[in-house]
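# Residue-level structural notes
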Amino acid sequence: MLYINGTWRQAQSGETLTVYNPATGKELAEVASGGRIETKEAIDAANEAFTHWKNTTGLERSTLLRKTAELIRENGEDIAQTITKEMGKSITEARREIISGANYVEWFAEEAKRIYGETIPAPQKDKHLMLMNEPIGVAAAITPWNFPLSMITRKITPALAAGCTVILKPAPNTPLTAIKLFECLDKSGFPAGVANLVIGPAEEIGKEFTTNPIVRKLAFTGSTNIGKKLMKDSAATVKKVSMELGGHAPFVVFEDADIDEAVAGAISTKFVNSGQTCICTNRIYVADEIADEFSTKFAQKANKLKVGNGLEEETKIGPLVNAQALEKVSRHVEDAKKHGGNVLCGGETLDLPGMNGFFYKPTVINEATEDMQIATEETFGPVVPIFSFQTEDEVISKANDTNYGLAAYCYTKDLSRGLRMTRQLEYGIVGINDPAPIAVQSPFGGVKESGIGKEGGRQGMEEYLEKKFISIKY
Ligand code: NAP
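A few points on the structure. All residue numbers refer to positions counted from 1 along the written sequence of the respective chain. Only residues with pLDDT of at least 70 get local features here, since the model is predicted, and only at 80 or more are side-chain atom pairs given and counted; chain-wide, interface and lining totals rely on the full set of residues. Side-chain metrics rest on all non-hydrogen atoms present in the structure, leaving aside hydrogens and water.

Once that is clear, we can look at the packing of helix α5 (residues 150-162) against helix α6 (residues 175-188). The axes used here are C-alpha line fits, helices contributing only the stretch in contact, and every angle between their N-to-C directions lies in the interval 0 to 180 degrees. Here a helix means four or more residues in a row that DSSP labels H or I, a strand means two or more in a row labelled E, and each is numbered from the N terminus. Contact geometry for α5 and α6: axes closest at 12 Å, N-to-C directions at 25 degrees. Between α5 and α6, the angle is such that the two are roughly parallel. In the crossing of α5 with α6, the sense of the turn from one axis to the other is right-handed. Of the residues in α6, those in contact with I152, T153, I156 and L160 of α5 are A178, L181, F182 and L185. For this classification, under 35 degrees means roughly parallel, over 145 means roughly antiparallel, 65 to 115 means roughly perpendicular, and everything else is oblique. Definitions for this section: a left-handed crossing has its near helix turned counterclockwise from the far helix by less than a right angle. A right-handed crossing has that turn clockwise. The contact criterion used throughout is that any non-hydrogen atoms of two residues lie within 4.5 Å.

In structure tokens, the structure reads:
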């Protein structure tokens, strides 16, 4: 169902799209699929609602958002099962996403009360200078399938907290989680038109978002190519954009690192969400003298990860999201083999009895070289190459040799080296001995072609605020 101007409804055309379970290949649901007409209606409703929503107090907005966070938690198990069914991740990870998704809502509910301004010391005695923060206006958001709840809450709840009204287009593979979130928003009592949900063909909806002058802000998470296109299309109406795009994270292990900790860290950052996160490790660089020990221990652990239907409690790695994802992973592995890569574990698809899913075995490839596709492209799957290096300068240059700049990891016990690496790595997020450098309290976002802007933290609100300068002469 679409949710426009406070009403659940079908598309005017009666069109629907089918949602499948990537673990079983079975159909899960049919949902309404709206296009440009519905998107325009949603934008108009959001515009109308903005006239009063922008004048609500931070406390009023906070109260509604806190209610939403409560409802997400109350319905947590049902939403977690929906996430696993429609995109495949393990139920343990889906439950974690419920916690983080609700925590984002709660964080921004609190921030709604703290939209401060500034007083600027004036150069003349008879002037008073001020800076006010105001909501930017109608905001549109486009999200991917890999975190079907938290990617949405990270965008639309700072917008609502700031006093913006929103229209969301979720990924077509995961509309059911988005619908459940909007049910929570609906029950929380947000006025009609403040939050709208449009599901349907990406190009059509994206075109209306980018060309409609009413939309003042576009927030996107997805691939770099689509992000570039949306930025270009948004230029004609000079919209503010924030872009959370692709990544190609290096994971650097120095000879002084605690090897077991580094192995555990690499396992979690590589294989979480079956390798389908933007901050997933995509390349491991290990100091020459410990490369063999690290590779052996890492491959042994990777090989033990249980692959299966995410709904089974013991599953660690669920299916990939679709056939194209499986094809890309297989292609990267075959290409690596052709270029001399040595497959330490995995390296093939997995057929599980009674299922028709997109499963791929956790795969570790050592003796990796720079001419492999996997060395330069984001794989988005449970596969990782291991490179060895000799000097700090060499690994810095290799780690930075990419157009991406989202997340990087480094393991060392040497504090000075850790600080040097922090400064040298050209990434928006750096984890030193930390495989999970992410928190609702902190800003998340990349540099270079990994994006523009931040989500989460105090900075996440700024993306939805405009600064107005006021000069009063007295
Ligand atoms: P994608 O193909 O770019 O799709 C993302 C979203 O954009 C989907 O809702 C998609 O809808 C929509 N879309 C596609 N073409 C569009 C168009 N012309 N106009 C408007 N919307 C359009 O990305 P994906 O493969 O699903 O997601 C994986 C990518 O997201 C990876 O590159 C990953 O690194 C990145 N990501 C980044 C972050 C971050 O925070 N930096 C977080 C998560 C994921 P359709 O599916 O209908 O095309």
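There is more to say after this.
Okay, the packing of aromatic side chains next. Stacked, tilted and edge-to-face are the three classes applied to pairs of Phe, Tyr and Trp rings, where Trp contributes its six-membered ring and a pair requires centres within 6.5 Å; stacked means planes under 30 degrees apart, edge-to-face means over 60, and tilted covers the rest. A full pass over the atoms with the stated rule returns 10 aromatic pairs. Ring geometry for Y3 and F182: centres 6.0 Å apart, planes at 65 degrees, overall edge-to-face. Placement of the pair is Y3 in strand β1 (residues 2-4) and F182 in helix α6, with a sequence separation of 179 residues. Pairing F271 with F298 gives two aromatic rings, centres 6.1 Å apart and planes at 25 degrees, and the pair type is stacked. With F271 in helix α9 (residues 259-271) and F298 in helix α10 (residues 291-304), the pair connects residues that are 27 residues apart, well separated along the chain. Each member of the pair F271 and F298 is classed as buried. For the exposure calls, accessible area comes from a 1.4 Å probe over protein chains only, and a residue counts as buried if that area is under 20% of its type's maximum, exposed if over 50%, partly exposed in between.

Before going further, it helps to spend a moment on the pattern of salt bridges. When a carboxyl oxygen of Asp or Glu lies within 4 Å of a side-chain nitrogen of Lys or Arg, that pair is called a salt bridge. Tallying each qualifying case throughout the model produces 34 salt bridges. As a salt-bridge pair, R66 and E110 come within 2.2 Å of each other at their nearest N and O atoms. A residue pair is termed long-range when its members are at least 10 positions apart, and R66 in helix α2 (residues 58-74) and E110 in helix α4 (residues 91-111) qualify at 44 residues. Overall, R66 belongs to the partly exposed group, its relative accessible area being 36%. A salt bridge links R95 to E313; the shortest N-O distance between them is 3.0 Å. With R95 in helix α4 and E313 in the loop between α10 and α11 (323-338), the pair connects residues that are 218 residues apart, well separated along the chain. Among the ionic contacts, a cluster of salt bridges with common partners joins R66, E110, E111, K113 and R114.

Turning next to the sheet that holds strand β6 (residues 127-135). Hydrogen bonds between backbone groups are what pair the strands of a sheet, and the pairing can be parallel or antiparallel. The sheet built from 3 strands is open, its strands ordered β5-β6-β20 with antiparallel pairing. Edge strands, defined here as strands with exactly one partner in the open sheet, are β5 (118-120) and β20 (465-473). With direction set aside, neighbouring strand axes in the sheet form an average angle of 25 degrees. A pair of strands is labelled paired if DSSP reports no fewer than 2 bridges between them. Relative to β20, β6 runs antiparallel, the two sharing 9 bridges. Each bridged residue has a counterpart across the sheet, and for L129 the counterpart in β20 is S471.

None of the figures reported here should be taken as evidence of function without further support.
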